[in-house]
Amino acid sequence: MKVSLKWLKDYVDFDLAAADLARRLTEQLTETEVLETASTEVRGVVAAKVVTVDPHPDADKLSVCVVDWGEGSSTVVCGAPNVRAGMVSALAVPGAVIAGGRKIEEVTLRGRRSHGMLVSAAELGLEENSEGILEFDPATEIGSDVAGILGLDDEVLDVDEQPNRPDCLGMIGIAREVAVAVGSELRLPEIDLNEVAPGASELCSVEIEDASDCPRYIARVISDVEIGPSPAWLASRLASVGLRSISNVVDVTNFVMLEYGHPIHAFDYDTLAGHRIAVRRARKGERLTTLDGVEHELSGMHLLICDGERAIAVAGVMGGGETEVSEATTNVLLECAWFDPVIVRRGAQSLGLRTDASQRFERGVDARAMETVAARACSLMSELAAGKVARGMVDAGDWEAPPVTLSLRMEKVRSMLAPGPPKEKAAEELASLGFGVKSAADGLLTVEVPSFRPDVRVEADLIEEVARIDGYDKIAHEVPFQSLAITTDPARVARDGVREAMVGLGFYEIMTPSFMERDAVERLGMKPAGEPIELDNPINKEMPLLRTTMLSSILDVVRRNANVGESDLRVFEIGKVFMGPPKAHSERWMLAGAVAGTAGRPGWDREARSVDFYDGKGVLWALAEALEVDSPRLSCYDCPVFERGHAAELLLGDRGVGSFGMLSREVAERWDLPQQVFVFELDLDALVELCVPTGTFDAPPKYPKSRRDLALVVDEGTAAGAIVEAIGELGERLLTDVQVFDMYRGDQLPAGKKSLGFSLTYMSRERTLTDTEVDEAQGRIVTHLVERFGASLRE
């Protein structure tokens, strides 16, 4: 939120520089930065009194004026309709710079020399359009700098908006924090309200269809308003925070919103059918054109403000164009309401309208302050637009906002803030923030939370308030000590074991949303396991259901990878599926995955081939082995997801835990998959019941390894795997690894023979091995293989 320092000083006195105040607020409240001044380009414009006004002899719409600007008198040609003798206005003397960087020079207009220019608010960047020149209070000092009068030399802070601090979306809320930071008093606006008959209840009515949507709605009526430009002080206040002046009545609504942080809206009273306000949900197909000129189609999720015939505003978001305040407006109905934050947020989001009003309603407004906010706006409209305020107000709704009272234990404060302030100081700090504080028993404070602080609801919130005002730097720099009792969920440990096993099998873990499209199950050809759960407010409108299967998400991943040329894929996901009606649904952990592309990397002894059913079956058998699950079995399984004859159900013991197989051609075409894909989906909850993996730790070796190569000539029918198995059966304790690295057939070997090359690795965890120890172990292995296979060493 942008905060003008000059505006801020209307509520609290301080003499800190902008940078120092920003630092204080950052330490106490939230991140705050100093922005550039409200206007740095306007220079050389001064207050001047118009002494005489004479018609231009050669132009009907121009006047020749003599103005006194403190350092002398100048003749100025002016075309403003409101120029008159005796008024105090703004004079841009020759050499001055106005909005847009325009430099003023002496010019001749229709034969008369103009030594400067009387300027309007638009020419100073305060309004989009102006009908006349600026007019100041007659008591304004002649020759004084207009930038100072209008606050164009203001400094502006940018205070980071906190979602739990709606009070800090208003100048008064920020001023309260500043008052505490500098040790000053908060000064609230004085409201001088003169009411006249008849009463507001005689002029309008308010009806709320559902009090939960709008707990409170206040309507006030102001008659005989005179729509015109805002005074300079009001236009400059709005300009300092980036808002353009529109008209006095509209500017008052924006000013009060920024002052209190509570949005209000002004309707043209005479355009309201039946002078009636109704707050209700939108009907299907209902449409409304908002103030920005955009027509919106509405639905039951939108809350509307209506008159006796039609919708006139989206509640808490934006008003409608047909009832806006215009130059023709003479009577105003003022709205000050409390709308449900969730409804406002959803409505604004669905319509793509993010406004200053919706931003504040989304965070919640102070229902108890509504009378004051409405009275302040009425007072200003009476003062600035000559309006007559009808007596009383229409206060509709069924609302209760009982005060929240909390107990604050000083012992708890000391334990969390260490050492923490004494009781008296803590009470003083809370009171300065607007809390009602009473001293109860020793070491205990009873605290009433103000209605503008909805974020304070428990004792810890009070302690946070004490901490930030007392100073976070006063908390002792100690690392808290607490012994940790490590507890593990067996099911979670088992899932982690499954995850590690899948990664060990060369799979990549993926994570996809827990949602699915409406036709996902139908596209898979599966029978619905139950009625899927539909989300009221889905993140993605194309995926409004909680998933009942993970296969559709898996296939989406396979397709996206195939589209970018990644055809070789091994992926898995561990996640939940959801079954049953919303209020009695069940959730189950599942393991799903896919294997696509080639089966392993091609090598010197094999060509590339596509994944088939047996490759996928081998993965699941390897998973069962890694989890130490005994005797996995399969049974025939027929499902449209899988190719007939290439699918099975996985059985562990007598329990089915899922299905797997090659994806059917029909389903592959629906996902635009050009290749064969093996997919599986297993009930992980059932799987972990059969196996709870336990972790093991193998310390890294301290001593070096020693490697020896071994080339053996064996019969053509002797498999390399058989030799590796025989080496393992020997049980050589120093041997840690055996790898096959070569196979040779050729003229240098006898007929019916081949040469196999092995790399053997030796290591001891107790000491560094000597060459003698390694040679002896290698010799024992060679002797064993010669006796077992009739092998010989290749020279």
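Below: a short report on this structure. These figures come from a predicted structure and were not determined experimentally.

What follows is about the sheet that holds strand 25 (residues 404-409). An order of 25-27-26 is seen for the three strands of this open sheet, with the pairing classed as antiparallel. Two strands in the sheet have a free side with no partner beyond their single neighbour: strand 25 and strand 26 (436-439). Strand-to-strand twist of the sheet, defined as the mean angle between neighbouring strand axes without regard to direction, takes the value 25 degrees. Across the sheet, helix 13 (residues 459-470) touches strand 25 and strand 27 (444-449), and the angle it forms with strand 25 is around 70 degrees.

Let's shift gears to the packing of helix 12 (residues 423-432) against helix 13. Helix 13 packs onto helix 12 with a crossing angle of 95 degrees between their chain directions and a minimal axis gap of 10 Å. Relative to helix 13, the element helix 12 lies roughly perpendicular. Note on element contacts: helix 13 touches helix 12 through Leu462, Glu465, Val466, Ile469 and Asp470, opposite Lys425, Ala426, Glu429 and Leu430. Of the residues belonging to the contact of helix 12 with helix 13, the class tally is five nonpolar, no polar and four charged.

Taking every second residue as pointing to the same face, both faces of strand 15 (residues 265-268) are buried, with His265 and Phe267 on one and Ala266 and Asp268 on the other. Here strand 15 runs beside strand 22 (residues 332-338); their pairing, made up of four bridges, is antiparallel. Each residue of the ladder has a partner; that of Ala266, found in strand 22, is Leu334.

Under the definition given, this model contains nine aromatic pairs. An angle of 75 degrees between the planes, with centres 6.4 Å apart, marks the rings of Phe507 and Phe680 as edge-to-face. Taken as a pair, Phe507 in the loop between helix 14 (490-504) and strand 28 (508-509) and Phe680 in strand 36 (residues 677-683) lie far apart in primary sequence, 173 residues in all. The buried category is assigned to Phe680, whose relative accessible area is 0%. Aromatic ring contacts, followed pair by pair, group Phe507, Phe613, Tyr614, Phe660, Phe678 and Phe680 into a single cluster.

On to the nonpolar core. Within the largest apolar cluster, 95 residues are counted, with the highest numbers of intra-cluster contacts made by Leu8, Leu157, Tyr217, Ile277, Val279, Ile305 and Phe339. Here this core takes nine residues from helix 10 (residues 370-385), the largest share from any one element. Discounting chain neighbours no more than four positions away, the residues touching Ile277 are Ser205, Val206, Glu207, Tyr217, Leu272, Ile305, Cys306, Ile312 and Leu333. Counting residues in hydrophobic clusters, the runner-up holds 37 residues, among them Ala47, Ala48, Cys78 and Val146.

It is worth spelling out the environment of Pro701 at this point. For Pro701, the position within the fold is in the loop between helix 19 (684-690) and strand 37 (706-715). Setting aside residues up to four positions removed in sequence, Pro701 forms contacts with Met763 and Arg765.

Along helix 11 (residues 410-417), the residues classified as buried are Met410, Val413 and Leu417. Looking straight down helix 11, one finds that the buried residues subtend no more than 50 degrees of arc, so they occupy a single side. Structural note: helix 11 exposes Glu411 and Ser415 on the side pointing more than 90 degrees away from its buried face. Contacts from the buried residues of helix 11 go to strand 25, helix 12, strand 27 and helix 13.

Calculation notes
Residues numbered from 1 in each chain as written. Predicted model: local features only at pLDDT ≥ 70, side-chain atom pairs only at ≥ 80, totals over all residues. Heavy atoms only, no water. Pairing = 2+ DSSP bridges. Helix = DSSP H or I, 4+ residues; strand = E, 2+ residues; numbered from the N terminus. Axes fitted to C-alpha atoms, helices over the stretch in contact; angles between N-to-C directions. Contact = heavy atoms within 4.5 Å. Parallel < 35°, antiparallel > 145°, perpendicular 65-115°, else oblique. Nonpolar A, V, L, I, M, F, W, Y, C, P; charged D, E, K, R; others polar. Buried < 20%, exposed > 50% of the residue type's maximum accessible area, 1.4 Å probe, protein only. Phe/Tyr/Trp six-rings, centres within 6.5 Å; stacked < 30°, edge-to-face > 60°. Core = buried A, V, L, I, M, F, W, Y, C linked by side-chain atoms within 4.5 Å. Arc of directions from axis to C-beta.

Taken by themselves, the reported measurements are silent on function.
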